[in-house]
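# Structure assessment
This is what each chain is made of:
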Amino acid sequence: MTKRIFNFSAGPAVLPPPVLERAREEMLSLQGIGMSVMEISHRSKHFQAVLDAAEQGVRGLLAVPDNYRILFLQGGATLQFFMVPMNFLGSGETADYVITGAWGKKALKEARRCGDVNVIHSSAEGGFRSVPEQAELIFSPNAKYVHYTSNETIEGVEFKYDLDGGGVPVVCDASSNILSKPLDISKYALIYAGAQKNIGPSGVTLVIIRDDLVAAVPENQHSMLDYRLMAENQSMLNTPNTWGIYIISLVCEWLREQGGLAAMEELNKEKAAILYNAIDSSDGYYTGHADPNCRSLMNVTFRPPSEDLEKQFCAEAAAAGFDGLKGHRSVGGIRASIYNAFPKEGVTALVDFMQDFAAKNG
Ligand code: PMP
């Protein structure tokens, strides 16, 4: 097999090798039909089976109740920043936003184009290191929905609970932690996630939306931005990302074989703990970014003692076969993204490297 390196990319990110191998096996002929999945009509029975498998895969893993639709859209999570308010926030109406990092800020900016937005919590002043407790959140009277980001990919800050809207519909950007653990879907009105971290390749956005929201979409929406039309057409109003949906079906199968999301959560906790322990036991050499009670299981963010050492760390790590560790350009530092498919051996290898680096450059 071609040698694989440890890929800590925040997304597009590492995919499970068995999924890549299966895709390779089926590249020329999907299940013996003599054509690849990229070469067949999305209206064919062969692709319909792939779409059904992807949908059922997500539904089964997340135990999505029957009164929710599962959609595979395009435009990335970024389009959802706009599509959500465009469908559910009219002018003169209010939506609540909880801002715990850079992606939430972007979602907020788009929502402001549609209606009134109330930021009911922001951790910007503290440098986006924390998340609020449920009890701190006071929703606006008549809020159409409350929006939050369950895992802020850049800062590495994660909610450890499903936010309860107390009657206000909850909309969640779960791009970087969906499928990493079980979720209580019934607490949400709409969840969206770009696929390119835990679900599959880029170019597909998973949307899980409750039926009453689908029904509440106003008439005369632009077709491509209309959740109801997308739901009525089973995500195939136009040509969907057939390849992406195919890979999602395989990732779901792989996750089922691993024991599902409860098993993934255990493994993800174990992997993250190895890294956070290395940070905490470095005698202050490495500083973690997030407050300990909201440390992300997916994106582990930390800093060596200086910017020079940070550059040296990244260069030496790359030479040692660790890819993608440089923090996001907006915040710097080191970010180790360790999604579902990232192997535990890669985490222990990074910890060895970190200890070695600290000993040599202390
Ligand atoms: N939200 C979060 C939490 C993200 O991590 C990202 C991408 N890294 C986005 C939104 C934007 O996703 P996309 O590139 O699919 O538009």
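You'll find the structure just up there.
Residues numbered from 1 in each chain as written. Predicted model: local features only at pLDDT ≥ 70, side-chain atom pairs only at ≥ 80, totals over all residues. Heavy atoms only, no water.

This part is about the overall build of the chain. The helix and strand tally for the chain stands at ten helices and 14 strands. Looking at the chain as a whole, 55% of its 362 residues qualify as buried. Across the chain, contacts joining residues at least 24 apart in sequence account for 68% of those joining residues at least 6 apart. (Helix = DSSP H or I, 4+ residues; strand = E, 2+ residues; numbered from the N terminus. Buried < 20%, exposed > 50% of the residue type's maximum accessible area, 1.4 Å probe, protein only. Contact = heavy atoms within 4.5 Å.)

Take the site of the ligand next. Residues in contact with the ligand amount to 13 residues; listed here are only the nearest, T78, T153, D173, Q196 and K197. Contacts to the ligand include T78, whose side-chain N or O atom sits 2.5 Å from an oxygen atom. Here D173 contributes a side-chain N or O atom positioned 2.6 Å from a nitrogen atom of the ligand. Burial of the ligand by the surrounding chains reaches 85%, relative to a free accessible area of 390 Å². When residues in the shell around the ligand are grouped by element, the largest group, four residues, is from helix α3 (residues 76–88). (Near = heavy atom within 4 Å. Polar contact = N/O pair within 3.5 Å; in protein donor to acceptor, adjacent residues only side chain to side chain. Areas by Shrake-Rupley, 256 points an atom, 1.4 Å probe, with all protein chains shown as cover.)

Take the state of the cysteines next. Evaluated as defined, the whole model comprises zero disulfides. Looking at C172, it has no disulfide partner, and the nearest cysteine sulfur is the one in C294, 15 Å off. With relative accessibility at 1%, the residue C172 sits in the buried group. (Disulfide = S-S within 2.5 Å.)

Strands sit in the order β11-β12-β14 across an open sheet of three strands; the sheet is antiparallel. Strands at the two margins of the open sheet, each flanked by one partner only, are β11 (287–288) and β14 (334–337). With four bridges connecting them, strand β12 (residues 299–303) and β14 associate as antiparallel partners. Bridging from a neighbouring strand, N299 pairs with S337 of β14. (Pairing = 2+ DSSP bridges.)

Taken together, the seven strands give an open sheet; going across it, the order is β2-β10-β9-β8-β5-β3-β4, and neighbouring strands pair in mixed fashion. Pairing within the sheet leaves two strands with one partner each, and these edge strands are β2 (68–73) and β4 (116–122). For this sheet, the mean inter-axis angle between neighbouring strands, taken without regard to orientation, is 15°. The pairing of strand β8 (residues 170–173) with strand β9 (residues 190–194) spans three bridges and is classified as parallel. Note on β9: the bridge partner recorded for V171 is L190. (Axes fitted to C-alpha atoms, helices over the stretch in contact; angles between N-to-C directions.)

Inspection of the secondary structure puts N268 in helix α8 (residues 260–280). Discounting chain neighbours no more than four positions away, the residues touching N268 are S180, L297, M298, I338, Y339 and N340.

So, about the pattern of salt bridges. One pass over the structure, following the stated rule, counts 14 salt bridges. For E110, the salt bridge goes to R113, with nearest N and O atoms at 3.4 Å. Among the residues examined, R113 registers a relative accessible area of 57% and is labelled exposed. Between R295 and D280 there is a salt bridge, and its shortest N-O distance comes to 2.9 Å. One end of the pair, R295, is in the loop between β11 and β12; the other, D280, is in helix α8, with 15 residues separating them in the sequence. One salt-bridge network, held together by shared partners, links R22, E26 and E253. (Salt bridge = Lys/Arg side-chain N within 4 Å of Asp/Glu carboxyl O.)

Another point: the nonpolar core. A general trend in soluble globular proteins is that nonpolar side chains are found buried together. Among the nonpolar cores identified, the biggest contains 57 residues, and V58, L62, F72, I178, I208 and I248 are the most heavily contacted of them. Sorting elements by how many residues they give to this core places helix α7 (residues 242–257) first, with nine residues. The residues touching L62, leaving out its near neighbours within four places in the chain, are I178, L179, K181, L183, I185, I208 and L261. The next biggest cluster of nonpolar side chains, apart from the first, holds 34 residues, and it includes I338, V351, M354 and F357. (Core = buried A, V, L, I, M, F, W, Y, C linked by side-chain atoms within 4.5 Å.)

Turning our attention to the packing of aromatic side chains. All told, the structure shown has 19 aromatic pairs when counted by the stated rule. Consider the rings of F6 and F322, whose centres lie 6.2 Å apart with planes at 15°: the pair is stacked. Placement of the pair is F6 in strand β1 (residues 6–7) and F322 in strand β13 (residues 322–323), with a sequence separation of 316 residues. Overall, F6 belongs to the partly exposed group, its relative accessible area being 25%. A ring pair is formed by Y286 and F313, whose centres lie 6.1 Å apart and whose planes are at 80°; its orientation type is edge-to-face. Of the two residues, Y286 is situated in the loop between α8 and β11 and F313 in helix α9 (residues 307–319); the sequence distance between them amounts to 27 residues. An aromatic cluster is built from F6, F8, Y285, Y286, F302, F313, F322, F342, F353 and F357, whose rings are joined through pairwise contacts. (Phe/Tyr/Trp six-rings, centres within 6.5 Å; stacked < 30°, edge-to-face > 60°.)

Its 21 residues give α8 an end-to-end C-alpha distance of 30 Å, which sits within 8% of 30 Å, the value for a rise of 1.5 Å per residue. Along α8, the residues that are buried comprise G260, L261, M264, E265, N268, K271, A272, L275, Y276, A278 and I279. Taken end-on, α8 shows its buried residues confined to a sector of 160°, consistent with a single buried face. Those residues of α8 hidden inside the fold are in contact with α2 (45–61), α7, β11, β12, β14 and α10 (344–360). (Expected span 1.5 Å × (residues − 1). Arc of directions from axis to C-beta.)

A few words now on the packing of α9 against α10. Two elements in contact, α9 and α10, have axes separated by 11 Å at closest approach and are oriented at 135°. Comparing the axis directions of α9 and α10 gives the class oblique. The handedness of the crossing between α9 and α10 comes out as right-handed. Between α9 and α10, the contacting residues are L309, Q312, F313, E316 and A317 on the first element and L350, F353, M354 and F357 on the second. (Parallel < 35°, antiparallel > 145°, perpendicular 65-115°, else oblique. Left-handed = near helix turned anticlockwise from the far one by under 90°.)

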